[in-house]
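Chain residues, written in single-letter form:
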Amino acid sequence: QVQLVESGGGLVQAGGSLRLSCAASAGIVSSYTMGWFRQAPGKEREFAAVISWRGATYYADSVKGRFIISRSNAEKTVYLQMNSLKPEDTAVYYCATPGRPYGSEYPSLHEYDVWGQGTQVTVSS
């Protein structure tokens, strides 16, 4: 059973930066598509960024140019570097994967079936 554990959240002022980490229990990072999602209070969970098993990346328009998704196969970890943070970035951030190797490079939300517990990011104005 694949397990994902996020860390790195916290409180930061607008304009600041944070780096989130998603550690995988097995050596999946190099062969699985991995995504970051976020959910703000009272809102639905939304896509933020994805890195495919090929290494291709794709971002939501709301974070493009500010967030960078990357991975370390050796560390079995996926990262989300968040720069120029805004108050509207405040949310619980989740790491997720479809849970199978070499699948779709850009899965739809319903294809993600393994989720971490989430990490809170709060951006103050």
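Check the entry above for the structure.
This report concerns the structure included in the present document. (Residues numbered from 1 in each chain as written. Predicted model: local features only at pLDDT ≥ 70, side-chain atom pairs only at ≥ 80, totals over all residues. Heavy atoms only, no water.)

Considering the overall build of the chain
The secondary structure content of the chain amounts to 0 helices and 11 strands. Moving toward the C terminus, one meets the helices and strands of the chain in the order β-β-β-β-β-β-β-β-β-β-β. The C-alpha atoms of the chain give 13 Å as radius of gyration, which agrees with the globular expectation for 125 residues (14 Å, within 12%). Along the first, second and third principal axes, the C-alpha set of the chain runs to 40 × 30 × 25 Å. Taking all 125 residues of the chain together, the buried fraction comes to 46%. Restricting to contacts in the chain with at least 6 residues of sequence separation, those with at least 24 account for 58%. Entry remark: accessible area of the chain is about 6200 Å², with carbon and sulfur atoms responsible for 48%. In the chain, 11 positive and 10 negative side-chain charges are present, and the distance between their average locations comes to 4 Å. (Helix = DSSP H or I, 4+ residues; strand = E, 2+ residues; numbered from the N terminus. Rg over C-alpha atoms; globule rule 2.2 N^0.38 Å. Buried < 20%, exposed > 50% of the residue type's maximum accessible area, 1.4 Å probe, protein only. Contact = heavy atoms within 4.5 Å. Areas by Shrake-Rupley, 256 points an atom, 1.4 Å probe, with all protein chains shown as cover. Lys, Arg positive; Asp, Glu negative; His and termini not counted. Charge placed at Lys NZ, Arg CZ, Asp CG, Glu CD.)

Quick word on the state of the cysteines
The full count for this structure, using the stated rule, is 1 disulfide. Two residues, Cys22 and Cys95, share a disulfide whose sulfurs are 2.1 Å apart. Between Cys22 and Cys95, the S-S dihedral sits near -75°, and the bridge is therefore left-handed. In this pair, Cys22 is assigned in strand E3 (residues 18-24) and Cys95 in strand E9 (residues 91-97), connecting sequence segments 73 residues apart. No difference in accessibility class separates Cys22 from Cys95, as the two residues are buried. (Disulfide = S-S within 2.5 Å.)

Examining the pairing of strand E8 (residues 77-82)
Within a regular strand, the side chains alternate between the two sheet faces. With 5 of 6 residues buried, E8 is to be regarded as a mostly interior element. Two strands pair when backbone bridges link them, and strand E7 (residues 67-72) and E8 are joined in this way by 6 bridges, in the antiparallel orientation. Paired with Ser70 across the strands is Tyr79, a residue of E8. Between the antiparallel neighbours E7 and E8 lie 4 residues, among them Lys76 with a positive phi of about 55°. (Pairing = 2+ DSSP bridges.)

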